[in-house]
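Spelled out from the first residue to the last, the chains are:
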Amino acid sequence: MRKTFVLTLLLALLAVGSIGYVAAEIYPLRDQVTVRTVQEDLYAYGDISAADGLVAYLKADYYKAMNWQTKVHFGEELTETHTDYALTFPVQKTTSYLRDREDIDIRVTVEGVVDTHDFSYLAENLKPGEKREEQIFLKEYADYYNTEVDIIFPQVTYMWRPYSESVDNETEAALKKLFDENFRFPMGEYVSVDAQGDVGEYGPSYGFGINESSETFGLEVKEVFLGDSAYFTFDRNGDTYRHLDVSHLPLGYGIYCVTVPEDGGQPTLVNVHPLSPEAEILKLAADKAGNILVYTVEEGVLFVTVIDAKTNTVTQQLSLTDFPAGTPTWATYEADGAIAVTLAPVAPTFRLVLLTMGEDGLYRLHWDLEVPSERSYLLTYSDAAYKEYLYDYAPVMAWNGQYLALGLSDEYRSNFDLALYGENGLVYYDKYVTSLNLWPIQPDGDVPLTLAWE
């Protein structure tokens, strides 16, 4: 009883201490957030006046109850900030460790392939306690693998499995039919399951064991969502996927567009841009003009293909820069009618390529810069690592026709890095700290920092 009383008292004291901490340290910050540079020569570079007209928007919260949105103005010096503060009562919900974003998963599996066949012969003529083992090659029973698919749109999720006949609605049934008919991968010649028959307490029985050749594996899907459509493909570069034969795909191999009309119409699936099976697909993205951007590497060169989503036709294919084998770090950014591509090859310099859109709606090369690695922290960001959740946040970009701004939020605090590039390279760089740099105040949302030119 005494131990229970002591534990209860300790928890009460901790709660009071937490309330006191909030009252003394955090609450006074509610409408007077300040921002300053770290003020260390190790980081600072260049003249902040190049950032005149640039604005940063920061979002932070304290357990979703205390919320800050701060607007930071840059110019000759950093003097002006404006903060909107709100106290809310958060709705308790299950925590998800995945980012809230659209997604497509396609998995190739042998699940369901043998379920429709009778293998009772495995247990025939066996005595109780006896077993019969056999390796069954699935090519004898099925021409194609089965597929499992998840499609996560902003408001609804569709999913189906080959071993389940149930679907939730007519739309999901139509999608399943489209994918089953158009993503048919021939069964591998040596794909097998380990089968066993025996006679047990309840009589003859048989079962199967999955081995290495028959394990389910996910395709490396690259996707981007635009309105009620999802554009996607799967990368065949990698030992896991190279054995997949894409020559039997009715639509061919390429960039696919699946559309689920918001008005309840029938889903459609088309191949909007055929690709060579040897192409390495880095990323799919969308710009504000309604174009789909496809980044590929072919014969050591990085390309971007521009697809007009209104007509699903290719309008441009641009060669960007050399992409050496083994390039460890790359990233792309799309904003303000511009595309920026960063590469960090195994060399003392990084590469920054900038495309800008003209009045005719076409992209043209604007810069192709070699940038010294010193103070190039933001250029070490990797899109591939972000995809694997090795980064909490991605850098953000803003372009004003003269300077390219890149910013990156701190993973744990309401702080950020800012870099400006001009036609000759790095113009300005520094690290910024806010007065919300207190635990447990954290960046809020998937995109806690945005940049804009005013």
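Residues numbered from 1 in each chain as written. Predicted model: local features only at pLDDT ≥ 70, side-chain atom pairs only at ≥ 80, totals over all residues. Heavy atoms only, no water.

S.K.: I tried to follow the overall build of the protein on my own but got confused; where do I start?
M.R.: When its secondary structure is counted, the protein shows three helices and 30 strands. Counting only contacts in the protein whose residues sit at least 6 apart along the sequence, the fraction spanning at least 24 positions is 58%. Carbon and sulfur atoms form 51% of the exposed surface of the protein, whose accessible area is close to 24,000 Å². (Helix = DSSP H or I, 4+ residues; strand = E, 2+ residues; numbered from the N terminus. Contact = heavy atoms within 4.5 Å. Areas by Shrake-Rupley, 256 points an atom, 1.4 Å probe, with all protein chains shown as cover.)

S.K.: I would appreciate a short explanation of the nonpolar core in the present structure.
M.R.: One broad rule of soluble globular proteins: the nonpolar side chains tend to lie buried together. Counting 53 residues, the largest nonpolar core has Leu138, Phe179, Phe183, Phe185, Leu219, Phe232 and Phe234 as the members making the most contacts within it. Judged by nonpolar contacts, the second largest core, of 24 residues, contains Leu352, Val371, Leu408 and Tyr421. (Core = buried A, V, L, I, M, F, W, Y, C linked by side-chain atoms within 4.5 Å. Buried < 20%, exposed > 50% of the residue type's maximum accessible area, 1.4 Å probe, protein only.)

S.K.: Would you take a moment to explain the environment of Val72 for this structure?
M.R.: Take Val72: it is sitting in strand β4 (residues 66–73). Judged by its relative accessible area of 0%, Val72 falls in the buried class. For the pair Val72 and Leu54, spaced 18 residues apart in sequence, the C-alpha separation works out to 8.4 Å.

S.K.: What am I meant to see in the sheet that holds strand β7 (residues 131–137) here?
M.R.: Strands in a sheet are paired, the pairing made by backbone hydrogen bonds, and the direction either parallel or antiparallel. With respect to topology, three strands assemble into an open sheet ordered β7-β10-β11, the strand pairing being antiparallel. At either margin of the open sheet sits one strand with a lone partner, and together these are β7 and β11 (203–210). Pairwise comparison of adjacent strand axes, ignoring direction, gives a mean angle of 20° for this sheet. Across eight bridges, the pairing between strand β10 (residues 192–200) and β11 is antiparallel. Within β11, the position partnered with Gly200 by the bridge is Gly203. (Pairing = 2+ DSSP bridges. Axes fitted to C-alpha atoms, helices over the stretch in contact; angles between N-to-C directions.)

S.K.: For this particular structure, what's the right way to read the environment of Leu54?
M.R.: With respect to the helices and strands, Leu54 occurs in strand β3 (residues 54–62). Since its relative accessible area comes to 0%, Leu54 is described here as buried. Once residues within four sequence positions are removed from consideration, Leu54 is found in contact with Val72, His73, Phe74, Ala398, Ala405, Leu418, Leu420, Leu451, Ala452 and Trp453.

S.K.: How do you make sense of helix α2 (residues 170–182) when you look at a structure like this?
M.R.: Along an α-helix, residues three or four positions apart point the same way, because every turn accommodates 3.6 residues. When the terminal C-alpha atoms of α2 are compared, their 18 Å separation across 13 residues agrees well with the 18 Å that a helix rising 1.5 Å per residue should span. For α2, the full list of buried residues reads Thr171, Glu172, Ala174, Leu175, Lys176, Leu178, Phe179 and Asn182. Elements that come into contact with the buried residues of α2 comprise β6 (103–109), β8 (146–152), β9 (157–160), β14 (229–235), β15 (254–259) and β16 (268–274). (Expected span 1.5 Å × (residues − 1).)

S.K.: What is the right way to look at the pairing of strand β24 (residues 363–372) in this model?
M.R.: Across a regular strand the side chains alternate sides, sitting on one face of the sheet and then on the other. Pairing between strand β23 (residues 349–357) and β24: nine bridges, direction antiparallel. What sits directly across from Thr356, in β24, is Arg364.

S.K.: What exactly am I supposed to notice about the sheet that holds strand β21 (residues 329–335) here?
M.R.: On the basis of which strands lie adjacent, the open sheet formed by four strands has the order β21-β22-β23-β24 and antiparallel pairing. Sheet topology places β21 and β24 at the edges, where each strand pairs with a single neighbour. The average angle at which neighbouring strand axes cross in this sheet is 15°, direction not considered. Pairing analysis gives six bridges linking strand β22 (residues 338–344) to β23, with the strands arranged antiparallel. Each bridged residue has a counterpart across the sheet, and for Val341 the counterpart in β23 is Val353.

S.K.: Which parts of the structure should I look at to understand the pattern of salt bridges?
M.R.: For side chains bearing opposite charge, pairing can occur when the charged atoms are close. For the structure shown, the criterion picks out nine salt bridges. Of the charged contacts in the structure, one is a salt bridge between Asp417 and Lys431, with a shortest N-O distance of 3.0 Å. Of this pair, Asp417 sits in strand β27 (residues 416–422) while Lys431 sits in strand β28 (residues 425–434), and the two are 14 residues apart along the sequence. Residue class for Asp417 comes out buried when judged on its relative accessible area of 8%. Three or more residues are tied together by salt bridges with common partners; here these are Arg107, Glu148 and Asp150. (Salt bridge = Lys/Arg side-chain N within 4 Å of Asp/Glu carboxyl O.)

S.K.: Is there a simple way to explain the pairing of β28 in this structure?
M.R.: The element β28 is largely enclosed, with a buried count of eight among its 10 residues. Pairing geometry for strand β1 (residues 35–37) and β28, over three bridges, is antiparallel. In the sheet register, Thr37 faces β28, and the bridge partner there is Tyr432. As paired elements, strand β2 (residues 45–46) and β28 share two bridges and run antiparallel to each other. Residue pairing across strands places Tyr45 opposite Tyr429, the latter belonging to β28. Summarising the sheet, β27 and β28 pair through seven bridges and their orientation is antiparallel. Note that in β28 the partner of Phe416 across the bridge is Tyr432. The antiparallel pairing of β27 with β28 creates a hairpin that spans two residues between the two strands.

S.K.: How do you make sense of the side chain of Lys222 when you look at a structure like this?
M.R.: Following the sequence through the fold, Lys222 ends up in strand β13 (residues 220–226). By relative accessible area, which is 12% here, Lys222 ends up buried. There is a polar contact of 2.6 Å between the side chain of Lys222 and the backbone oxygen of Ile281. In terms of polar contacts, Lys222 uses its side chain to reach the backbone carbonyl oxygen of Leu282, at 3.5 Å. (Polar contact = N/O pair within 3.5 Å; in protein donor to acceptor, adjacent residues only side chain to side chain.)

S.K.: Teacher, can you tell me more about the packing of aromatic side chains here?
M.R.: Aromatic ring pairs are defined here through the distance separating the ring centres and the angle between the ring planes. Tallied over the entire structure, the rule returns 17 aromatic pairs. Where Phe232 meets Tyr256, the ring centres are 5.5 Å apart and the plane angle is 35°; that geometry is what we call tilted. Of this pair, Phe232 sits in strand β14 while Tyr256 sits in strand β15, and the two are 24 residues apart along the sequence. On the basis of relative accessible area, Phe232 is assigned to the buried category, the value being 0%. Each member of the aromatic cluster is reached from another via a ring pair, and the members are Phe179, Phe183, Phe185, Phe232, Phe234, Tyr253 and Tyr256. Geometry around Tyr144 places Arg184 over its ring, the cationic atom sitting 4.1 Å from the centre. (Phe/Tyr/Trp six-rings, centres within 6.5 Å; stacked < 30°, edge-to-face > 60°. Lys NZ or Arg CZ within 6 Å of the ring centre and 35° of its normal.)

In short, the description is geometric, and any link to function would need to be established separately.
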